[in-house]
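This is what each chain is made of:
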Amino acid sequence: MATNQPNRPTLAGVRHMPIHEVIGLPVEHLASLHSDARNASVAAKRLADWIEAAIALRYLRIARHQPRRRRGEAMPGDASSPRAA
């Protein structure tokens, strides 16, 4: 967010700081870091949703191309199929 704040740690940097150092940061830095963390969280959630949609579409496509079984019917190659023996 605010890159014009001198000596403001990054989110990656703050992750490794002892808590007493984080507490001692100026309020403006803490507010900017909080805003950056919220924005990163929203972006990560959006990316996770996008990846989940891709996975769902992939398996939907696979499911549409596989032959459907009728209840109790074995597919060729199943252990219970008479043809598999």
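Before reading further, recall that the structure is shown in the block above.
Residues numbered from 1 in each chain as written. Predicted model: local features only at pLDDT ≥ 70, side-chain atom pairs only at ≥ 80, totals over all residues. Heavy atoms only, no water.

1. Focus on the pattern of salt bridges
According to the stated counting rule, one finds 2 salt bridges in the structure shown. A salt bridge links Arg 8 to Asp 36, with the nearest nitrogen and oxygen atoms 2.8 Å apart. Placement of the pair is Arg 8 in the segment before helix 1 (11-14) and Asp 36 in helix 3 (residues 27-65), with a sequence separation of 28 residues. The pair Arg 8 / Asp 36 is uniform in exposure class, with both members buried. (Salt bridge = Lys/Arg side-chain N within 4 Å of Asp/Glu carboxyl O. Helix = DSSP H or I, 4+ residues; strand = E, 2+ residues; numbered from the N terminus. Buried < 20%, exposed > 50% of the residue type's maximum accessible area, 1.4 Å probe, protein only.)

2. Quick word on helix 3
For helix 3, built from 39 residues, the straight-helix expectation of 57 Å at 1.5 Å per residue is met to within 8% by its first-to-last C-alpha distance of 57 Å. Every buried residue of helix 3 is accounted for by His 29, Ser 32, Leu 33 and Asp 36. Among the structural elements, helix 1 are those in contact with the buried residues of helix 3. (Expected span 1.5 Å × (residues − 1). Contact = heavy atoms within 4.5 Å.)

3. A closer look at the environment of Pro 6
Along the chain, the position of Pro 6 falls in the segment before helix 1. Put simply, Pro 6 and His 29 are 23 residues apart on the chain and 9.4 Å apart in space, counted from C-alpha to C-alpha.

4. So, the environment of Asn 7
Secondary-structure assignment places Asn 7 in the segment before helix 1. When the C-alpha atoms of Asn 7 and Leu 25 are compared, they prove to be 9.9 Å apart, with 18 residues separating the residues in sequence.

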